[in-house]
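Report on the structure
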Amino acid sequence: MEKISILGFILAILYFITTELACNGHTRIDNNVQSEQKALIDFKSGLKDPNNRLSSWKGSNYCSWQGISCENGTGFVISIDLHNPYPRENVYENWSSMNLSGEISPSLIKLKSLKYLDLSFNSFKAMPVPQFFGSLKNLIYLNLSSAGFSGSIPSNLRNLSGLQYLDLSSEYLYDIHSEYINNLFVENIEWITGLVSLKYLSMNYANLSLVGSRWVEVANKLPSLTELHLGGCSLSSSFPSPSFVNLTSLVVIAINSNYFNSKFPEWLLNVSNLVSIDISDNQLHGRIPLGLGELPNLQYLDLSQNVNLRGSISQLLRKNWKKIEFLNLHGNGLHGSIPSSIGNFCNLKYLDLSDNILNGSLPEIIKGLETCSSKSTLPNLTELYLCCNQLMGKLPNWLGELKNLRALYLSDNKFEGPIPASLGTLQHLEYMYLSPNELNGSLPDSVGQLSQLQALDVSSNHMSGSLSEQHFLKLSKLEILWMGSNSFHLNVSPNWVPPFQVTHLDMGSCHLGPSFPAWLQSQKNLQNLDLSNCSISSPIPNWFWNISFNMWRLNLSHNQLQGQLPNSLNFDGESEIDFSSNLFEGPIPFSIKGVGFLNLSYNKFYGAIPSNIGESLPNLVFLSLSGNRITGTIPDSIGHITSLDVIDFSRNNLTGSIPSTINNCSRLFVLDLGNNNLSGIIPKSLGQLQSLQSLHLNHNELSGELLSSWQNLTGLDVLDLSYNRLSGQVPAWIGVAFVNLVILNLRSNVFCGRLPSRLSNLSSLHVLDIAQNNLMGEIPITLVELKAMAQEKLNIYQLNVNVGSSYEERLVVISKGQSLEYTKTLSLVVGIDLSDNNLSGEFPQEITKLFGLVVLNLSRNHITGQIPESISMLRQLLSLDLSSNKLSGTIPSSMASLSFLSYLNLSNNNFFGKIPFAGQMTTFTELAFVGNLDLCGAPLATKCQDEDPNKRQSVVSDKNDGGYVDQWFYLSVGLGFAMGILVPFFVLATRKSWCEAYFDFVDEIVRWLLRGRATYAKNHPRRR
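A quick note: this is a predicted structure, and the numbers were derived from the prediction, not measured.

This paragraph deals with the pairing of strand β36 (residues 568-578). Where strand β35 (residues 553-555) lies against β36, 3 bridges are found, and the strand directions are parallel. Bridge pairing in β36 links asparagine 555 to aspartate 578. Across 7 bridges, β36 lies against strand β38 (residues 591-599) in parallel orientation. Directly across from asparagine 570, in β38, lies its bridge partner lysine 593.

Quick look at the structure:
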């Protein structure tokens, strides 16, 4: 009984203890639950959630709230994952619908068990990374990437000793929506050494420029680090090397888009665990180390866009590369030819060798059939980029054996021959770019079997032949079709409906006419259409305008399209419309909307420019109505189009004055109003167009003087005011203000006075034409300072760099005695034309130091003096006209060495003497020398005196007839002289008595002569 009572007492006590503990435990758990829940509610209250993304955050079961994970059994929050599931700005609408912003409450400190925090891709605009994050000591994972944070990264993050994953990176984006791009920087990176458990570190596009080279030593102190991402961090200078390599666990290193200016860091070759290396878009130089090919685990290598990295591609690709899957060496200085050993890369999926200086042919046969387990050629290759090199030869058949290939880019090389029909067997191929090359032959119809093809580009080759419906049979996914700049002939039935719906279609220079292609009516998604030079000679059908409104580029130029355009043309956005060089007629459409580029030049449009053009085309950038029959005046509303870069109204019948409102077009680079009937004074307001590079007002009836306000046009490359009625002196400020001037044409005006010496400041000047004016005085010797003309080496300049090829510069140059219009070859012209003025003084010898001169015309002036021998220094000279002056002296013989000279006119001067008819001078007729009365010799009929034909014949006859007489005459005289001396000598030597009698006789004669001289002296004494 006693035992029972004792047992009951014990049971009672146990019951009491158990009950008490359970109640207390429940109370503590309830308290923790309340604390965790309150912390989350406080956190939510600081957030802005316009689309109720956190609508589930209500009720007591917070562990089931979206983005919240709890520890089993305790209810402690261990994970908050509120990252935006739409991290790409190309789906901005989706991203904004899930975007969180606002303030981050420090209530998160109360979540003592929090291990995982992800707020990435939200928009905490310009908010600093909260300092209290450094107190979340149990964090293992922290992701704040692309969430809009800015400022200095707090150094107290060093307290997170258990942190394994830290992402503070941002994406580098060009889009205008930049709410979630971080703008973080680091002043001292030493705090990272406290993250001793860190395995993953990403700080892409955080500014580490103040860190210097310390980042390597800091990373080297993280023994568990496996991934390091420091792309776009403004790291610069040389690539540092650690004192010893402790990064034995490193698997991934990505330090792309920085400014490292050094050789490749070879210490990375000692990190054998490396799987991925990305040092792209830096300034590395030197040779790519061959040891990269021996890294046993390397799968991903990107060294693209280093420019000065070099090496032999054949040596590089002969290494093992056992596991390589991704190899990007784009944009470097690799040379040589691709070896056949490329076939051994059995795991290779992506290969980019584009934009190098590779040459030679692709290997006809490649290795690897025995190496790879699949017994096939590069069995895993999906993308191959070899564009922008110097590769040549034929395309090998093994390209058609790359069974998994999705992208083939061989553009911008020198490949020749036909396209292999085997390419039509690549059933996974999505993109094929083969332009521009030198491929020929026809397009194989097997291409029509590529059912997955989305883009086909064979443009800018030498291909020809017929294109049938078979060529497009299964191309139902095709979106881009570029076949232009070939000689294809489309041969399809009138009722053909293509299987595709393309967005980009270029068939320029292919034969599609004469009718407008009816099959285009089925293409509802067209955005970019080029049917230029397609031999189409019909009107545009009405249905076409129903499919054109979505186009942002439409080029129908260089056909024979007829008829009138609709009164109203509507396009999408700021479209580029080119209807030039056709046979369109009628008035210019009254209403044109949604156009940024409009070229209606070289048609038969007539009537006036619509007066409301400024209102209907407010965003226009390019406007050309050149070469039509447009009349009337330039409307004032043109000044409302403030976005204009180019205005070209040349070659029409416009009248009236230049509207002063044009000065509102402050962005204008080109203004061409030449070849019209414009009159009046050039408005002073043109001087406000400070961006102007090319100004053509030639062939009008403009008057007045050049205004000083034009000195603001400091960017001018071309100034053509020729064939007007402009007067006054040529301003000296031209040589000061227009320092970039390449072409100055003031021809055929009424300018007077002296040629300003300051023109010599125009160091870029290539063409100076002030002919047919009333200039007087001497030619300034300072012209020798025209530096661009003094360069004998061909200096090809580029005009209107801000306009590109949309506007073609033109200039009429008087060369070789005729007017020649230069367009594409204008940059080759270097010339001075001062002809038909009243210039005087001697021929300036200094002008012969302008070694680059191609054209020199000083004719019809009053220039005196002689042509200097140094004229031969103008070795590039093609045309020389010095006619109708007062030049004298002889023509320099050195001119015979001017081997390029093809036109010469020295007529009507005062030259004399013999023409140096040798070398290049033998190519000119007498017309080059007429009017010089004292000139003689070929090619003139007047012969020089030493070249009289009768005298020359007499001399020849004397030589022929009397040659033997002269020889016998001199021989007989010599013999007679010898006999007269030798015969008496021998006689007197042999007869002694004769010798004595002879000298006695001589003595008697001498005495007789002496007596006679003495008698004469006695009878005739000398007078004193």
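The next thing to look at is empty space enclosed by the protein. Using the criterion set out here, one finds 6 cavities of 30 Å³ or more in the structure. Quantified by volume, the largest cavity comes out at close to 90 Å³. Counting only elements with at least two residues in the lining of the largest cavity, the list comes to β51 (767-769), β53 (811-815) and β55 (831-833). With 4 residues, the top contributor of residues to the lining of the largest cavity is β53. Of the residues in the lining of the largest cavity, the class split is 9 nonpolar, 2 polar and 2 charged. Its boundaries defined by the atoms lining it, the second largest cavity holds a volume of some 70 Å³. Lining the second largest cavity, in full, are Ile338, Ile342, Leu351, Leu353, Leu362, Leu378, Leu381, Leu384, Leu386 and Trp398.

It is worth spelling out the pattern of salt bridges at this point. Taken as a whole and judged by the stated rule, the model has 14 salt bridges. Here glutamate 190 ties to arginine 214 by a salt bridge, and the two come within 2.8 Å at their closest N and O atoms. Linking glutamate 190 in the loop between β9 (183-185) and β10 (200-202) with arginine 214 in helix α3 (residues 214-219), this pair joins segments that are 24 residues apart in sequence. When its relative accessible area of 28% is taken as the criterion, glutamate 190 is described as partly exposed. We note a salt bridge from glutamate 576 to arginine 553, for which the minimum N-O separation is 3.7 Å. With glutamate 576 in strand β36 and arginine 553 in strand β35, the pair connects residues that are 23 residues apart, well separated along the chain. Take glutamate 576: its relative accessible area is 31%, and that puts it in the partly exposed class. One salt-bridge network, held together by shared partners, links Arg651, Glu808, Arg810 and Glu821.

Ordered in space as β59-β61-β62, the 3 strands form an open sheet in which the pairing is parallel. Looking at the sheet topology across the chains shown, the edges are occupied by β59 (888-889) and β62 (934-936). Direction of pairing for β59 relative to strand β61 (residues 910-914): parallel, over a ladder of 2 bridges. Pairing of glycine 889 across the sheet is with phenylalanine 911, part of β61.

Right, let's get into the packing of aromatic side chains. Given two aromatic rings, one states the distance between the centres and the angle between the planes to describe the pair. Enumeration according to the criterion identifies 32 aromatic pairs in this entry. Arranged with centres 4.1 Å apart and planes meeting at 5°, the rings of tyrosine 116 and tyrosine 141 form a pair that is stacked. Of the two residues, tyrosine 116 sits in strand β5 (residues 116-118) while tyrosine 141 sits in strand β6 (residues 141-143), which places them 25 residues apart along the sequence. Classification of tyrosine 116 as partly exposed rests on a relative accessible area of 25%. Since its relative accessible area comes to 16%, tyrosine 141 is described here as buried. Residues phenylalanine 597 and phenylalanine 622 carry aromatic rings whose centres are separated by 4.2 Å and whose planes lie at 10° to one another, so their mutual orientation is stacked.

For the bond running from glycine 513 to proline 514, omega is 10°, close enough to zero to count as cis. Relative to the helices and strands, proline 514 resides in the loop between β33 (504-506) and β34 (528-530). With omega at 10°, the peptide bond leading from alanine 938 into proline 939 counts as cis. Mapped onto the secondary structure, proline 939 falls in the loop between β62 and α9 (949-961). Its identity is not glycine, yet asparagine 908 carries a phi of approximately 60°, on the positive side.

It is worth spelling out the sheet that holds strand β37 (residues 585-586) at this point. In space, the 3 strands of this open sheet follow the order β37-β39-β41, with parallel pairing throughout. If you trace the sheet from one side to the other, it starts and ends with β37 and β41 (629-631), each paired once. With 3 bridges connecting them, strand β39 (residues 604-608) and β41 associate as parallel partners. If you follow glycine 607 over to β41, its bridge partner there is isoleucine 630.

Positionally, histidine 285 belongs in strand β16 (residues 285-287). For histidine 285, a relative accessible area of 29% gives the class partly exposed. Placed 25 residues apart in sequence, histidine 285 and arginine 310 show a C-alpha to C-alpha distance of 7.2 Å. When sequence neighbours within four positions are dropped, the list of residues in contact with histidine 285 reads Asn261, Ser262, Lys263, Phe264, Asn308 and Leu309.

This part is about the confidence of the model for the chain. Taken residue by residue, the chain gives an average pLDDT of 88. The fraction at 70 or more is 86%. Note on residues 18-28: pLDDT under 50 across the span, and 0 contacts to partners over four residues away in sequence or across chains. Throughout residues 174-178 the model reports pLDDT below 50, and contacts reaching past four residues in sequence, or to other chains, amount to 4 contacts.

Disulfide: a covalent bond connecting the sulfur atoms of a pair of cysteines. Inspection of every chain in the model, using the stated rule, returns 3 disulfides. The residue that forms a disulfide with cysteine 346 is cysteine 372, at a sulfur-sulfur distance of 2.0 Å. Residues cysteine 346 and cysteine 372 are joined through a disulfide that is left-handed, its torsion about the S-S bond being -90°. With a gap of 26 residues between them, cysteine 346 in the loop between β20 (333-336) and β21 (350-352) and cysteine 372 in the loop between β22 (357-361) and β23 (383-385) connect regions that are remote in the sequence. Assigned by exposure class, cysteine 346 and cysteine 372 land together as buried. Cysteine 936 shares a disulfide with cysteine 944; S-S distance 1.9 Å. Measuring the twist about the S-S bond at about 90°, one finds the cysteine 936-cysteine 944 disulfide to be right-handed.

Cut-offs and rules
- Residues numbered from 1 in each chain as written.
- Predicted model: local features only at pLDDT ≥ 70, side-chain atom pairs only at ≥ 80, totals over all residues.
- Heavy atoms only, no water.
- Pairing = 2+ DSSP bridges.
- Helix = DSSP H or I, 4+ residues; strand = E, 2+ residues; numbered from the N terminus.
- 1 Å grid on protein atoms, 1.4 Å probe; cavity = no way out; pocket = protein on both sides within 12 Å on 5 of 7 lines; lining within 4 Å.
- Points joined across faces, edges and corners; volume = space filled by probe spheres on them.
- Nonpolar A, V, L, I, M, F, W, Y, C, P; charged D, E, K, R; others polar.
- Salt bridge = Lys/Arg side-chain N within 4 Å of Asp/Glu carboxyl O.
- Buried < 20%, exposed > 50% of the residue type's maximum accessible area, 1.4 Å probe, protein only.
- Phe/Tyr/Trp six-rings, centres within 6.5 Å; stacked < 30°, edge-to-face > 60°.
- Contact = heavy atoms within 4.5 Å.
- pLDDT = per-residue confidence, 0-100.
- Disulfide = S-S within 2.5 Å.

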